[in-house]
Amino acid sequence: MCKYIVNGGNKIEGRLNIRGAKNSILPIMAATILNENKSIIHNVPNISDVYIMIKILESIGCRVDYEDDTLIIDSSNINSGEIDEVYVRQMRSSIIIMGAMIGRLDYTKISYPGGCAIGSRPIDLHLKALKELGIKIEEENGYIKCFKDNLKGAIINLEFPSVGATENAILAAAKANGRTIIYNAAREPEIEDLAKFLNSMGAKISGAGTSCIEIEGVKRLNEVEYDVIPDRIAIGTYMIASAITGGTLEVDKVVHDHMEPICDKLRLAGCYIKYTKEGLILKAPEKIKAIDLVKTHPHPGFPTDMQAQLMTLMTLSDGVSVFYETIFENRFMHCAELIRMGANIKHITENICMVKGVEKLHSASVKSPDLRGGASLVLASLVAEGKTEISDIYHIERGYENFENILRNLGADIVKLKDK
């Protein structure tokens, strides 16, 4: 167990180059199961979730090599359809392997997933989609068993545009017999990235990035080499680190459309943002402006994965901001820790809270409650007076590569220590 020690007061500024998106690489790694061949993936982030997925793939017979930012996965000799509960309980997003496994094998068994405790996130939509594709599913003693007789194309209507359910449906349908249409599909950039990766293998997927995705099943997929998209959430987090400390940040590579929901809110907060040919430049405001309402939505709305970080920025704003979390019911766990640092935050309902800006935050000993909530506490510590200690940082390391080193290179006074 490790912790961060942060001395606040330094500007976060300089040049930033971020590797691939956590929320892209994990489903892409799952998708390598389908081609029964070698997959070479570049721009892979060095985060703990990637290592968990590597262990999952190795446990079923894949050969995996990971060096620098490149993964080479050979899935030609899978010898097991059962995923060890130990891995699955560490990471909720491991459930996306289910669609790829049943697309490749006649039987798979997986336990219910674990990970951050930010909400119940039921997988009913995943299971319903797989059943529509002809998969027989049995649930018993905390395990999900999937049996494939005839994987066939189908019409899938998602009650909610769930990212995970959309990914599982795409993975299972890629090699199904016939055409699958997913209505009310998730539109996140990471869905597009998964579809592009599969199409690079020889899949026939159209409409990814819209609410209607069509998949024409194919019998065979091929060897592939692919670059993962930049991580919009990690980039947004560093942009807020610069904004809250009064800095200027130049990001080398972004996808403009992916960043716009985040940039829109930062402009409202007073930040100057200019897109360059491949990246962007952010200049912090002299005074952080309150944003009347921040409501999370599926893409292209404001992402739930940026809610905690933006809330930290608003704790030092010139007024009152209301946050309305519509995706997860338990995603305000960071609020109590921010209050310990001097923030003025009041819960209105379970998923609505009000933030009134204060003049300054102060240091405290705080605990990271989850991945993005933990990042928000690091952001607060960068501007707080004194020395802040943040524990349970394993949550943060699930999604941020070399977080303390990148921040230190941008000017932060931060060290990572072993917790006693």
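Here the structure is a predicted model, which is why all the values come from computation and not from measurement.

Thresholds, definitions, all that
Residues numbered from 1 in each chain as written. Predicted model: local features only at pLDDT ≥ 70, side-chain atom pairs only at ≥ 80, totals over all residues. Heavy atoms only, no water. Helix = DSSP H or I, 4+ residues; strand = E, 2+ residues; numbered from the N terminus. Rg over C-alpha atoms; globule rule 2.2 N^0.38 Å. Buried < 20%, exposed > 50% of the residue type's maximum accessible area, 1.4 Å probe, protein only. Contact = heavy atoms within 4.5 Å. Areas by Shrake-Rupley, 256 points an atom, 1.4 Å probe, with all protein chains shown as cover. Patch = residues over 30% accessible without salt bridge, like charges linked within 9 Å, V, L, I, M, F, W, Y side chains within 5 Å. Salt bridge = Lys/Arg side-chain N within 4 Å of Asp/Glu carboxyl O. Expected span 1.5 Å × (residues − 1). Phe/Tyr/Trp six-rings, centres within 6.5 Å; stacked < 30°, edge-to-face > 60°. Lys NZ or Arg CZ within 6 Å of the ring centre and 35° of its normal. Lys, Arg positive; Asp, Glu negative; His and termini not counted. Charge placed at Lys NZ, Arg CZ, Asp CG, Glu CD. Pairing = 2+ DSSP bridges. Axes fitted to C-alpha atoms, helices over the stretch in contact; angles between N-to-C directions. Right-handed = clockwise from strand over helix to strand, strands pointing away.

**Here's the deal with the overall build of the chain**
- When you go through the chain residue by residue, the secondary structure sums to 14 helices and 23 strands.
- The C-alpha radius of gyration of the chain comes to 21 Å, within 12% of the 22 Å expected for a compact globule of 420 residues.
- When its C-alpha atoms are laid out on the principal axes, the chain stretches across 65 × 45 × 40 Å.
- Within the chain, buried positions represent 57% of all 420 residues.
- For the chain, the proportion of contacts with a sequence separation of at least 24, taken over those separated by at least 6, is 73%.
- Within the structure as shown, the chain displays about 16500 Å² of accessible surface, and the carbon and sulfur contribution to it stands at 45%.

**What about a nonpolar patch on the surface?**
- Taken together, the side chains of Val320, Ile348 and Met354 define a hydrophobic patch exposed on the protein surface, amounting to about 230 Å² of accessible area.
- For Val320, the location among the structural elements is in strand β18 (residues 320-324).
- The exposure class assigned to Val320 is partly exposed, which follows from its relative accessible area of 36%.

**Re helix α7 (residues 189-201)**
- In a regular helix each residue adds 1.5 Å, so 13 residues correspond to 18 Å; α7 covers 19 Å between its end C-alpha atoms and thus fits that length.
- Taken together, the buried positions of α7 are Pro189, Glu190, Ile191, Asp193, Leu194, Ala195, Phe197, Leu198 and Met201.
- The positive-phi residue at the C-terminal boundary of α7 is Gly202, with phi of around 115°.

**Focus: the pattern of salt bridges**
- In the structure shown here, the tally under the stated rule is 20 salt bridges.
- The partner of Lys22 in a salt bridge is Asp49, with the nearest N and O atoms 3.7 Å apart. With Lys22 in helix α1 (residues 22-31) and Asp49 in helix α2 (residues 48-59), this residue pair connects regions lying 27 residues apart in the sequence.
- What makes Asp49 buried here is its relative accessible area of 0%.
- Between Glu397 and Lys416 there is a salt bridge, with the nearest N and O atoms lying 2.5 Å from each other. Here Glu397, found in helix α13 (residues 394-397), pairs with Lys416, found in strand β23 (residues 413-418); they are 19 residues apart in sequence, far enough to count as distant.
- Lys416 gets classed as partly exposed once you look at its relative accessible area, which sits at 35%.
- Residues joined in a network through salt bridges with shared partners are Arg15, Glu250 and Asp252.

**Thoughts on the packing of aromatic side chains**
- Applying the stated criterion across every chain yields a total of six aromatic pairs.
- Measuring from ring centre to ring centre gives 5.2 Å for Tyr107 and Phe147, while their planes differ by 45°; the resulting arrangement is tilted. Here Phe147 lies in strand β8 (residues 143-148) and Tyr107 lies in strand β6 (residues 107-111), a separation of 40 residues in the sequence.
- Taken together, the ring pairs in this structure connect Tyr4, Tyr238, Tyr400 and Phe403 into an aromatic cluster.
- It is Lys136 that lies over the ring of Phe147; its NZ or CZ is 5.8 Å from the centre.

**Remarks on the environment of Gly61**
- Mapped onto the fold, Gly61 is located in the loop between α2 and β4 (63-67).
- Residue classification places Gly61 among the buried residues on the basis of a relative accessible area of 18%.
- Note: C-alpha distance between Gly61 and Ser76 (15 residues apart in sequence) is 8.5 Å.

**Let's talk about a negative patch on the surface**
- Where like charges cluster on the molecular surface, the negative patch consists of Glu58, Asp65, Glu67 and Asp68.
- As for its position among the elements, Asp65 is in strand β4.

**Digging into the sheet that holds strand β22 (residues 387-391)**
- Strand order in this open sheet of four strands is β21-β22-β1-β23, and the pairing throughout is mixed. Pairing within the sheet leaves two strands with one partner each, and these edge strands are β21 (365-367) and β23. In this sheet, neighbouring strand axes are inclined to one another by 25° on average, regardless of whether the strands run parallel or antiparallel.

**A closer look at the side chain of Asp392**
- Here Asp392 lies in the loop between β22 and α13.
- Of the side chains with opposite charge, Lys367 comes closest to the buried, unpaired Asp392, at an N-O distance of 4.5 Å.
- Excluding anything up to four places from it in sequence, Asp392 contacts Met1, Cys2, Lys367 and Ser368.

**Section: the pairing of β22**
- One ladder, built from four bridges, connects strand β1 (residues 2-7) with β22; its direction is antiparallel. Within β22, the position partnered with Ile5 by the bridge is Glu389.
- In this sheet, β22 lies alongside β21 in parallel orientation, the contact comprising three bridges. Within β22, the position partnered with Val366 by the bridge is Ile390.
- Regarding the hand of the β-α-β motif, the stretch spanning β21, helix α12 (residues 371-383) and β22 is right-handed.

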